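Okay, here's what each chain looks like letter by letter:
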Amino acid sequence: MANFTNQDVMRLREQTGVGMMDCKKALVETDGNFDEAVKYLREKGMASAAKKASRVAAEGLVKCLVADDKKTAVAVEVNCETDFVARSDQFIELVDNIAKHLVTSKATTVEQVLEEVYCKDCGKTINVLIAEATAAIGEKISLRRFAKFELGKKSGLIASYIHMGGKIGVLAELESSAKQEDLAELAFNLCMQIAASKPQVVSIKDVDASQLEAEREILTVQARNEGKPEAVIGKMVEGRIHKYYKEVCLLEQEYVRDSALSIKQVIADAAKQVGADITVTRFVRYEMGEGIEKRVDNFVDEIAEQLKEIK
């Protein structure tokens, strides 16, 4: 049995930036020799990736992949540092491979996925797959997030839409006894709606109660600041809440292709045509890099630093 402790695994992880399971494997392979374990990870192309860990990866791609039966699908965002790399064949292939793995994965968190054995190569984990790509491409690459939908035995389908070559990705899940081919056009149009209008939830009942109360308080203060009489503030606030619903609830939104219709009406019309109820059960919308603070380079300072190093 290899002679090392959990503290050794933690220390190796801190020094190399490599995942816990891969650090443990490295220590097993090197009989607990710490320096040899570092060398082992570097030879595997993993430790070199850690040197890039402080960089900001705010570019990348969003990928959606729907299984042939349209009952299982994933949306995933993988980030890199530059748009140039995001458009490269090597990075696109990596994102495709991660998406294909996720379709078969049972993981529910990014951390779990990184430690999983890659479905196409039992000799490496997803963490190693990404580390190898990082070493080959020369940029920090990270699996940021993913969502997986599974209909199981329920009738219906999952549809997807990718906008601007991977800048925005959407999955939408519909339950219905209608044939999948009869639902396909509606599902695709709903995905486009979600991409364009950024709803937060499916319906009014899905709005978080605390979020709604906070919105109501804000609207009440706004009305008072506008000098409105207390007698009418309540009605004004409810009117504005209705407008708020039309912004955040998919079913309440105006249809982007025909503003005379709400999404609720579009779905009801489609249900009549197919002769079966249609329910949008959930959706996910990923926009590449949203929420990531991008680094602003000061090229004058950067060049000055390089000149200092040359001297």
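Structure's up top.
Structure report, in brief.

Thresholds, definitions, all that
- Residues numbered from 1 in each chain as written.
- Predicted model: local features only at pLDDT ≥ 70, side-chain atom pairs only at ≥ 80, totals over all residues.
- Heavy atoms only, no water.
- Salt bridge = Lys/Arg side-chain N within 4 Å of Asp/Glu carboxyl O.
- Helix = DSSP H or I, 4+ residues; strand = E, 2+ residues; numbered from the N terminus.
- Buried < 20%, exposed > 50% of the residue type's maximum accessible area, 1.4 Å probe, protein only.
- Pairing = 2+ DSSP bridges.
- Axes fitted to C-alpha atoms, helices over the stretch in contact; angles between N-to-C directions.
- Expected span 1.5 Å × (residues − 1).
- Arc of directions from axis to C-beta.
- Contact = heavy atoms within 4.5 Å.
- Core = buried A, V, L, I, M, F, W, Y, C linked by side-chain atoms within 4.5 Å.
- Lys, Arg positive; Asp, Glu negative; His and termini not counted.
- Polar contact = N/O pair within 3.5 Å; in protein donor to acceptor, adjacent residues only side chain to side chain.

### Details of the pattern of salt bridges
As enumerated under the stated definition, the model contains 18 salt bridges in all. Residue Arg144 pairs with Glu77 through a salt bridge whose shortest N-O separation is 3.3 Å. With Arg144 in strand 3 (residues 142-150) and Glu77 in strand 2 (residues 72-80), the pair connects residues that are 67 residues apart, well separated along the chain. For Glu77, a relative accessible area of 0% gives the class buried. For Arg224, the salt bridge goes to Glu230, with nearest N and O atoms at 2.8 Å. For Arg224, a relative accessible area of 46% puts it in the partly exposed group. When its relative accessible area of 51% is taken as the criterion, Glu230 is described as exposed.

### What to know about the sheet that holds strand 5 (residues 168-175)
Read across the sheet, three strands follow the order 4-5-8 without closing on themselves; strand pairing throughout is antiparallel. Each edge of the open sheet carries a strand with a single partner, namely strand 4 (156-163) and strand 8 (279-287). Each neighbouring strand pair of the sheet contributes to a mean axis angle of 10°, computed without reference to strand direction. Note: strand 4 against strand 5, eight bridges, orientation antiparallel. Pairing of Ile158 across the sheet is with Glu173, part of strand 5.

### Comments concerning helix 11 (residues 230-248)
The α-helix advances 3.6 residues per turn, and as a result positions three or four apart in sequence lie on the same side. Counted at 1.5 Å a residue, the expected span for helix 11 with its 19 residues is 27 Å, and the 27 Å between its end C-alpha atoms agrees. Considered for burial, the residues of helix 11 that qualify are Ile233, Val237, Ile241, Tyr244, Tyr245 and Val248. Looking straight down helix 11, one finds that the buried residues subtend no more than 120° of arc, so they occupy a single side. For helix 11, exposure combined with an orientation more than 90 degrees from the buried face picks out Ala231, Lys235 and Lys243. The secondary structure elements touched by the buried residues of helix 11 are helix 10 (209-225).

### Some remarks on the sheet that holds strand 3
The strand order across the open sheet formed by three strands is 1-2-3, and the pairing between neighbours is antiparallel. Bordering the open sheet on either side are strand 1 (59-66) and strand 3, each of which pairs with just one other strand. Geometrically, the sheet is characterised by an average inter-axis angle of 10° between neighbouring strands, direction not taken into account. Across the face of the sheet, helix 6 (residues 89-104) comes into contact with strand 1, strand 2 and strand 3 while running at roughly 145° to strand 2.

### Examining the side chain of Lys124
By secondary structure assignment, the location of Lys124 is in the loop between helix 7 (110-115) and helix 8 (126-137). On the basis of relative accessible area, Lys124 is assigned to the buried category, the value being 17%. Discounting chain neighbours no more than four positions away, the residues touching Lys124 are Glu116, Val117, Tyr118, Leu129 and Glu132.

### Describing unusual backbone geometry
If you check the backbone angles, Lys70 has positive phi at about 60° while not being a glycine. Here Lys70 is to be found in the loop between strand 1 and strand 2. Phi angles above zero are rare outside glycine, and Lys198 is one such case at about 55°. With respect to the secondary-structure elements, Lys198 resides in the loop between helix 9 (180-197) and helix 10.

### Re the nonpolar core
Within the largest apolar cluster, 28 residues are counted, with the highest numbers of intra-cluster contacts made by Leu174, Leu186, Leu190, Ile263, Ile267, Ile278 and Val280. Sorting the residues of this core by element identifies strand 4, strand 5, helix 9, helix 12 (263-274) and strand 8 as the ones contributing at least two each. Broken down by element, the residue count for this core peaks at seven residues, all from helix 9. Residue contacts for Ile263: discarding those within four places in its chain leaves Leu190, Gln193, Leu250, Leu251, Gln253 and Tyr255.

### Some details on helix 1 (residues 6-16)
Within helix 1, burial applies to Val9, Leu12 and Thr16. All buried residues of helix 1 project into a common sector of 65° when viewed along the axis, lining one side. Away from its buried face by more than 90 degrees, helix 1 exposes Asn6, Gln7, Glu14 and Gln15. Phi turns positive one or two residues past the end of helix 1, at Gly17, with a value near 80°.

### Quick word on the side chain of Asp22
For Asp22, the location among the structural elements is in helix 2 (residues 20-29). For the buried Asp22, which has no salt bridge, the nearest side chain bearing the opposite charge is Lys25, at an N-O separation of 6.0 Å. Side-chain polar atoms of Asp22 contact the side chain of Thr125, separated by 3.1 Å. Among residues more than four places away in sequence, those in contact with Asp22 are Leu41, Met46, Glu115, Thr125, Asn127 and Val128.

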